[in-house]
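# Inside the fold
Letter by letter, the chains look like this.
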Amino acid sequence: MDLTPFFKSVLEQDRAPIVLCDLAHTIIYMNPAAVRQYAKRGGAALMGQNLMNCHSPKSAEIIERAVRWFSDDTAHNIVYEFRNDEENKDVYMVALRDEDGVLIGYYEKHEYRNRETMKLYDFSE
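Heads up: these notes are all about the structure in this document. Being a predicted model, the structure only gives us computed values, none of them experimental.

The helix and strand inventory of the chain stands at three helices and five strands. Seen through its principal axes, the chain has C-alpha atoms that stretch 45 × 40 × 30 Å. Every one of the 125 residues in the chain was classed for burial, and the buried ones make up 30%. A separation of at least 24 residues holds for 35% of the contacts in the chain among residues at least 6 apart in sequence. With the model as given, the accessible surface of the chain reaches about 9,000 Å², and the carbon-plus-sulfur share is 54%. Positive and negative side-chain charges in the chain, numbering 15 and 21 respectively, have mean positions lying 7 Å apart.

If you want it as structure tokens, here you go:
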């Protein structure tokens, strides 16, 4: 069974921004939340661009360091990047690996800490 459409749907439905990059730092995918989050920087037009063009030299150096750390050991898979108090979220950089554990890229993970406001099992439109 091809699980690709299932995995893509998980990414597409996530309310947090997800930006996937390959090891050359090319943005290969942005979910709809990321397209909205980065609309002022180009939104969907950022796909195919180099992530480093969106970062300061200091940030680029930190990203490179994280990628090297991910490469050092298959147990190295997540790094805490920063806390955004304004949006009440923590942000992480996460390794992407193939089925053999080889590093193939990375993504930024946003974890919001706000209490859910959606009603339980509210099926109304």
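Bringing the sheet that holds strand S4 (residues 89-97) into the picture now. Strand order in this open sheet of five strands is S2-S1-S5-S4-S3, and the pairing throughout is antiparallel. Strands at the two margins of the open sheet, each flanked by one partner only, are strand S2 (27-30) and strand S3 (78-84). Recorded for the sheet is a direction-independent mean angle of 20 degrees between the axes of neighbouring strands. With nine bridges joining them, S4 and strand S5 (residues 103-112) adopt antiparallel strand pairing. Its bridge partner lying in S5, Val91 is registered against His110. Each of S3, S4 and S5 touches helix H3 (residues 57-72); the most contacted strand, S4, lies at about 50 degrees to it.

Summarising the element assignment, His25 is placed in the loop between strand S1 (19-22) and S2. Taking the relative accessible area as the measure of exposure, His25 reaches 5% and is therefore buried. If we ignore the near neighbours within four places in the chain, the residues touching His25 are Gln49, Asn50, Leu51, Met52, Ile63, Glu64, Val67 and Tyr106.

What follows is about the state of the cysteines. Evaluated as defined, the whole model comprises zero disulfides. This cysteine, Cys21, is not joined by any disulfide, and Cys54 carries the nearest cysteine sulfur, 8.8 Å off. Accessibility expressed as a relative area gives 2% for Cys21, which makes it buried. Taking the relative accessible area as the measure of exposure, Cys54 reaches 33% and is therefore partly exposed.

The next subject is the environment of Glu125. By the element assignment, Glu125 lies in the segment after S5. Taking the C-alpha atoms as reference points, Glu125 and Asn84, separated by 41 residues in sequence, lie 31 Å from one another.

About the criteria used
- Residues numbered from 1 in each chain as written.
- Predicted model: local features only at pLDDT ≥ 70, side-chain atom pairs only at ≥ 80, totals over all residues.
- Heavy atoms only, no water.
- Helix = DSSP H or I, 4+ residues; strand = E, 2+ residues; numbered from the N terminus.
- Buried < 20%, exposed > 50% of the residue type's maximum accessible area, 1.4 Å probe, protein only.
- Contact = heavy atoms within 4.5 Å.
- Areas by Shrake-Rupley, 256 points an atom, 1.4 Å probe, with all protein chains shown as cover.
- Lys, Arg positive; Asp, Glu negative; His and termini not counted.
- Charge placed at Lys NZ, Arg CZ, Asp CG, Glu CD.
- Pairing = 2+ DSSP bridges.
- Axes fitted to C-alpha atoms, helices over the stretch in contact; angles between N-to-C directions.
- Disulfide = S-S within 2.5 Å.

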